[in-house]
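Tertiary structure, described
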Amino acid sequence: AKKKPWIAEAQVEKVTTAVAEFTEWLDSSEAAQAELESYATPAFSSEDVVARQRALTRSFNAVSKTPKPTPTPTPTPAAKPAKKGKGEEAASADASEEAAAAEAADAAADAAEEADPAAEGATSDEPAADDADASGAEASDSEAADADAAEGAVPSDEL
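Residues numbered from 1 in each chain as written. Predicted model: local features only at pLDDT ≥ 70, side-chain atom pairs only at ≥ 80, totals over all residues. Heavy atoms only, no water.

**As for the overall build of the chain**
- If you tally the helices and strands in the chain, you get four helices and zero strands.
- Counted from the first residue to the last, the chain has its helices and strands arranged as α-α-α-α.
- Considering the chain as a whole, with its 159 residues, one finds that 10% of them fall into the buried category.
- Partitioning the intrachain contacts of the chain with sequence separation of at least 6 by distance along the chain shows that 48% fall at a separation of at least 24.
- Entry remark: accessible area of the chain is about 12800 Å², with carbon and sulfur atoms responsible for 55%. (Helix = DSSP H or I, 4+ residues; strand = E, 2+ residues; numbered from the N terminus. Buried < 20%, exposed > 50% of the residue type's maximum accessible area, 1.4 Å probe, protein only. Contact = heavy atoms within 4.5 Å. Areas by Shrake-Rupley, 256 points an atom, 1.4 Å probe, with all protein chains shown as cover.)

Below is the structure:
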């Protein structure tokens, strides 16, 4: 009963009583056998012991194998929306700032493309065909800065 508290005390008492009765019967049968002569008919047979022991085992197993009852689920209150903590608010603000920075960079890149239609097909590493003159190096640096801004890169002087 200590290891399995879900088993009713009445069932445990019933098995305990059955064990006590079996032990009492066996003790009295052995005492009766001890008083008999070795050539006399036995007071009990091994079949008697086995039959009583099997009955005792069945009643014990029936009680011992009583399954643990499943707990009844408790009804849960309606789900409430989670409140944002300080950490969640900060993360939300960071995400908003990143989204705004990305939108600004996209707008700057679009404006740069509209201002220089020849640079539409050019990449930041390749100068446009019209910028191949002596000022090509300066235009290339400018385009690289625009491309970095569009990708959200931080200029090296800000590091």
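**Here's the deal with the confidence of the model for the chain**
- Per-chain confidence: the chain averages 73 in pLDDT, with 50% of residues scoring 70 or above.
- This model gives residues 119-124 a pLDDT under 50, and the stretch forms nine contacts once residues within four places in sequence are excluded.
- Confidence drops under a pLDDT of 50 for residues 128-139, and excluding neighbours within four residues, the segment shows nine contacts in the predicted structure. (pLDDT = per-residue confidence, 0-100.)

**Concerning the packing of aromatic side chains**
- Counted under the stated rule, the structure contains two aromatic pairs.
- Plain terms: the ring middles of Phe 22 and Trp 25 are 6.2 Å apart, the flat faces sit at 35° to each other, and that makes the pair tilted. Within this pair, Phe 22 and its partner Trp 25 are both found in helix H1 (residues 9-35), separated by three residues, close to a single helical turn. Grouping residues by exposure puts Phe 22 and Trp 25 together as buried.
- Ring geometry for Trp 25 and Phe 44: centres 6.0 Å apart, planes at 65°, overall edge-to-face. (Phe/Tyr/Trp six-rings, centres within 6.5 Å; stacked < 30°, edge-to-face > 60°.)

**Side note on the packing of H1 against helix H2 (residues 46-64)**
- Two elements in contact, H1 and H2, have axes separated by 9 Å at closest approach and are oriented at 165°. Regarding the angle of H1 to H2, the classification is roughly antiparallel. Judged by the sense of rotation from one axis to the other, the crossing of H1 with H2 is left-handed. Across from Gln 11, Val 15, Ala 18, Val 19, Phe 22, Trp 25 and Leu 26 in H1, the residues of H2 making contact are Asp 48, Val 49, Arg 52, Gln 53, Leu 56, Ser 59, Phe 60 and Val 63.
- Classifying every residue of the contact of H1 with H2 by side-chain character gives ten nonpolar, three polar and two charged. (Axes fitted to C-alpha atoms, helices over the stretch in contact; angles between N-to-C directions. Parallel < 35°, antiparallel > 145°, perpendicular 65-115°, else oblique. Left-handed = near helix turned anticlockwise from the far one by under 90°. Nonpolar A, V, L, I, M, F, W, Y, C, P; charged D, E, K, R; others polar.)

**Side note on H1**
- Taking 1.5 Å of rise per residue, 27 residues should cover 39 Å, and H1 covers 39 Å from first to last C-alpha, within 8% of that figure.
- For H1, the full list of buried residues reads Val 15, Phe 22, Trp 25, Leu 26 and Ser 29.
- Where the residues of H1 are buried, they touch H2. (Expected span 1.5 Å × (residues − 1).)

**Topic: a negative patch on the surface**
- A contiguous patch of negative charge on the surface is contributed by Glu 21, Glu 24, Asp 27 and Glu 30.
- Mapping Asp 27 onto the fold places it in helix H1. (Patch = residues over 30% accessible without salt bridge, like charges linked within 9 Å, V, L, I, M, F, W, Y side chains within 5 Å. Salt bridge = Lys/Arg side-chain N within 4 Å of Asp/Glu carboxyl O. Lys, Arg positive; Asp, Glu negative; His and termini not counted. Charge placed at Lys NZ, Arg CZ, Asp CG, Glu CD.)

**A closer look at the environment of Ser 64**
- For Ser 64, the position within the fold is in helix H2.
- With 60 residues separating them along the chain, Ser 64 and Lys 4 place their C-alpha atoms 8.4 Å apart.
- Other than its neighbours up to four places away in sequence, Ser 64 contacts Lys 4 and Ile 7.

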